[in-house]
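Okay, here's what each chain looks like letter by letter:
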Amino acid sequence: MKVTGMLNIFIVIGILLMALGIYLFTKTQEFIDRAVPVQGVVIELVDTGEGSMAPVVEYRDEAGQQHIFKSNTSSKPPSHEEGETVLVLYDPSAEDAPSTAKIRSTLHLWGLSYFFLGFGALWLLIGGGARIAVGRQSSR
(Lines give C-alpha, C1' and ligand atoms only; values in the text may rest on other atoms or scores of the structure.)
Protein backbone atom coordinates (compact mmCIF):
# COMPACT_ATOMS: atom_id res chain seq x y z
CA MET A 1 0.00 0.00 0.00
CA LYS A 2 1.33 3.43 -0.89
CA VAL A 3 2.27 5.89 1.86
CA THR A 4 -0.54 8.25 0.86
CA GLY A 5 -3.05 5.40 1.22
CA MET A 6 -1.83 4.71 4.75
CA LEU A 7 -2.05 8.40 5.60
CA ASN A 8 -5.59 8.55 4.23
CA ILE A 9 -6.48 5.74 6.64
CA PHE A 10 -5.14 7.89 9.52
CA ILE A 11 -7.27 10.80 8.31
CA VAL A 12 -10.43 8.66 8.02
CA ILE A 13 -9.89 7.13 11.47
CA GLY A 14 -9.36 10.62 12.89
CA ILE A 15 -12.57 11.88 11.32
CA LEU A 16 -14.54 8.87 12.60
CA LEU A 17 -13.18 9.23 16.14
CA MET A 18 -13.97 12.94 16.14
CA ALA A 19 -17.48 12.24 14.83
CA LEU A 20 -18.00 9.80 17.69
CA GLY A 21 -16.73 12.43 20.13
CA ILE A 22 -19.15 15.02 18.73
CA TYR A 23 -22.02 12.51 18.95
CA LEU A 24 -21.20 11.72 22.61
CA PHE A 25 -20.79 15.43 23.37
CA THR A 26 -24.24 16.16 21.89
CA LYS A 27 -25.87 13.27 23.80
CA THR A 28 -24.30 14.49 27.06
CA GLN A 29 -25.56 18.03 26.48
CA GLU A 30 -29.07 16.71 25.75
CA PHE A 31 -28.92 14.67 28.98
CA ILE A 32 -27.84 17.71 31.00
CA ASP A 33 -30.69 19.77 29.52
CA ARG A 34 -33.26 17.17 30.71
CA ALA A 35 -31.57 16.15 33.95
CA VAL A 36 -32.57 17.03 37.50
CA PRO A 37 -29.82 17.72 40.06
CA VAL A 38 -29.96 16.02 43.47
CA GLN A 39 -27.45 15.46 46.26
CA GLY A 40 -25.77 12.08 46.54
CA VAL A 41 -23.14 10.43 48.71
CA VAL A 42 -20.30 8.18 47.60
CA ILE A 43 -20.90 5.05 49.69
CA GLU A 44 -18.19 2.83 48.23
CA LEU A 45 -15.29 2.71 45.79
CA VAL A 46 -15.21 -0.41 43.60
CA ASP A 47 -12.00 -1.71 42.03
CA THR A 48 -12.69 -2.12 38.31
CA GLY A 49 -9.34 -3.74 37.57
CA GLU A 50 -5.70 -2.67 37.63
CA GLY A 51 -6.37 -0.36 40.59
CA SER A 52 -8.87 1.86 38.82
CA MET A 53 -11.74 2.80 41.15
CA ALA A 54 -15.38 3.62 40.35
CA PRO A 55 -17.59 5.40 42.87
CA VAL A 56 -20.86 3.85 44.03
CA VAL A 57 -23.34 6.63 44.82
CA GLU A 58 -26.55 6.69 46.82
CA TYR A 59 -29.10 9.41 46.12
CA ARG A 60 -32.80 10.21 46.57
CA ASP A 61 -34.85 11.25 43.56
CA GLU A 62 -37.37 14.12 43.60
CA ALA A 63 -40.03 11.75 45.00
CA GLY A 64 -37.71 10.83 47.90
CA GLN A 65 -37.05 7.28 46.68
CA GLN A 66 -33.55 6.00 47.38
CA HIS A 67 -31.36 4.74 44.53
CA ILE A 68 -27.81 3.41 44.27
CA PHE A 69 -25.67 3.37 41.12
CA LYS A 70 -22.09 2.57 40.19
CA SER A 71 -20.49 5.13 37.93
CA ASN A 72 -19.39 3.95 34.48
CA THR A 73 -16.31 6.13 34.89
CA SER A 74 -13.37 4.91 36.95
CA SER A 75 -10.01 6.46 37.61
CA LYS A 76 -6.66 5.90 39.24
CA PRO A 77 -6.34 7.58 41.69
CA PRO A 78 -10.05 7.63 42.59
CA SER A 79 -11.92 10.80 41.59
CA HIS A 80 -13.95 10.74 44.83
CA GLU A 81 -13.69 9.50 48.40
CA GLU A 82 -16.12 7.39 50.42
CA GLY A 83 -18.50 9.67 52.32
CA GLU A 84 -18.04 12.54 49.87
CA THR A 85 -21.16 14.47 48.91
CA VAL A 86 -21.59 14.79 45.13
CA LEU A 87 -24.13 16.37 42.83
CA VAL A 88 -26.01 13.72 40.85
CA LEU A 89 -27.90 14.30 37.62
CA TYR A 90 -30.63 11.95 36.43
CA ASP A 91 -33.29 12.15 33.72
CA PRO A 92 -36.74 11.84 35.33
CA SER A 93 -38.38 11.54 31.89
CA ALA A 94 -36.41 8.38 31.04
CA GLU A 95 -38.20 5.04 31.22
CA ASP A 96 -35.71 3.77 33.80
CA ALA A 97 -34.75 7.14 35.33
CA PRO A 98 -32.45 5.79 38.09
CA SER A 99 -30.22 4.08 35.51
CA THR A 100 -29.49 7.44 33.86
CA ALA A 101 -27.81 8.87 36.97
CA LYS A 102 -24.35 10.39 36.60
CA ILE A 103 -22.10 12.34 38.90
CA ARG A 104 -22.01 15.97 37.80
CA SER A 105 -18.33 16.45 37.08
CA THR A 106 -16.23 17.03 34.00
CA LEU A 107 -14.72 13.54 34.16
CA HIS A 108 -18.00 11.69 34.63
CA LEU A 109 -20.03 13.70 32.10
CA TRP A 110 -17.56 14.73 29.42
CA GLY A 111 -14.56 12.40 29.82
CA LEU A 112 -15.46 9.96 27.05
CA SER A 113 -16.41 12.63 24.50
CA TYR A 114 -13.22 14.60 25.24
CA PHE A 115 -11.18 11.40 24.88
CA PHE A 116 -12.59 10.63 21.42
CA LEU A 117 -12.36 14.26 20.27
CA GLY A 118 -8.75 14.52 21.39
CA PHE A 119 -7.69 11.12 20.08
CA GLY A 120 -9.47 11.79 16.77
CA ALA A 121 -7.78 15.17 16.45
CA LEU A 122 -4.41 13.53 17.06
CA TRP A 123 -4.97 10.93 14.32
CA LEU A 124 -6.23 13.63 11.96
CA LEU A 125 -3.26 15.90 12.64
CA ILE A 126 -0.75 13.10 12.19
CA GLY A 127 -2.38 11.84 8.99
CA GLY A 128 -3.11 15.28 7.59
CA GLY A 129 0.26 16.74 8.50
CA ALA A 130 2.15 13.79 7.06
CA ARG A 131 -0.06 13.87 3.94
CA ILE A 132 0.83 17.53 3.40
CA ALA A 133 4.53 16.81 3.96
CA VAL A 134 4.46 13.89 1.49
CA GLY A 135 2.63 16.06 -1.03
CA ARG A 136 5.27 18.78 -0.76
CA GLN A 137 8.08 16.20 -1.13
CA SER A 138 6.57 14.70 -4.28
CA SER A 139 5.96 18.11 -5.92
CA ARG A 140 9.66 19.00 -5.72
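Because the structure is predicted, anything quoted here is derived from the model rather than measured. Going along each chain's sequence as written, the residues are numbered from 1 onward. Residue-level local features of this predicted model are given only where pLDDT is at least 70; pairs of side-chain atoms are given and counted only at 80 or more, and the full residue set underlies all totals for whole chains, interfaces and linings. Side-chain calculation: all heavy atoms of the structure are included, whereas hydrogens and water are not.

Draft legend 1. Representation of the pairing of strand β3 (residues 66-70) within the structure. Each residue is assigned to one of three classes by its accessible area relative to the maximum for its type, calculated with a 1.4 Å probe on protein chains only: buried under 20%, partly exposed between the two thresholds, exposed over 50%. By definition, any uninterrupted DSSP run of H or I lasting at least four residues is a helix, any uninterrupted run of E lasting at least two residues is a strand, and each is numbered from the N terminus. Side-chain alternation along β3 places H67 and F69 on a buried face and Q66, I68 and K70 on a face that remains uncovered. Two strands pair when backbone bridges link them, and strand β2 (residues 52-60) and β3 are joined in this way by five bridges, in the antiparallel orientation. Bridge pairing in β3 places Y59 opposite H67. Strand pairing is assigned whenever DSSP detects at least two bridges linking the two strands. Here β2 hands over to β3 after five residues, with G64 in that stretch at a positive phi of 90°.

Draft legend 2. Up close: the pattern of salt bridges. Salt bridge, as applied in this entry: a Lys or Arg side-chain nitrogen positioned within 4 Å of an Asp or Glu carboxyl oxygen. Counting across every chain of the model gives two salt bridges. A salt bridge links E30 to K27; its shortest N-O distance comes to 3.5 Å. Within this pair, E30 and its partner K27 are both found in helix α1 (residues 3-34), separated by three residues, close to a single helical turn. Residue class for K27 comes out partly exposed when judged on its relative accessible area of 39%.

Draft legend 3. Focus on the sheet that holds β3. Spatially, β3-β2-β1-β4-β5 is the arrangement adopted by the five strands of the open sheet, whose pairing is antiparallel. Of all the strands in the sheet, the pair left with one neighbour each is β3 and β5 (102-103).

Draft legend 4. Representation of the UniProt feature "domain: DUF3592" (unreviewed entry) in the protein chain. UniProt positions are given in the numbering used here, feature names are shortened, and annotations may be inferred rather than shown by experiment. In this structure's numbering, the residues bearing the UniProt feature "domain: DUF3592" (unreviewed entry) are residues 38-93. End C-alpha atoms of residues 38-93 are separated by 15 Å, and the span's content is 0% helix alongside 57% strand.

Draft legend 5. Looking closely at the packing of aromatic side chains. Centres within 6.5 Å are what make two rings of Phe, Tyr or Trp a pair, Trp counting through its six-membered ring; a difference in plane orientation under 30 degrees is then read as stacked, over 60 as edge-to-face, and the rest as tilted. The full count for this structure, using the stated rule, is eight aromatic pairs. For the ring pair Y59 and Y90, a centre distance of 5.6 Å and an interplane angle of 35° mean the geometry is tilted. In this pair, Y59 is assigned in strand β2 and Y90 in strand β4 (residues 85-90), connecting sequence segments 31 residues apart. For the pair Y59 and Y90, one class covers both residues: buried.

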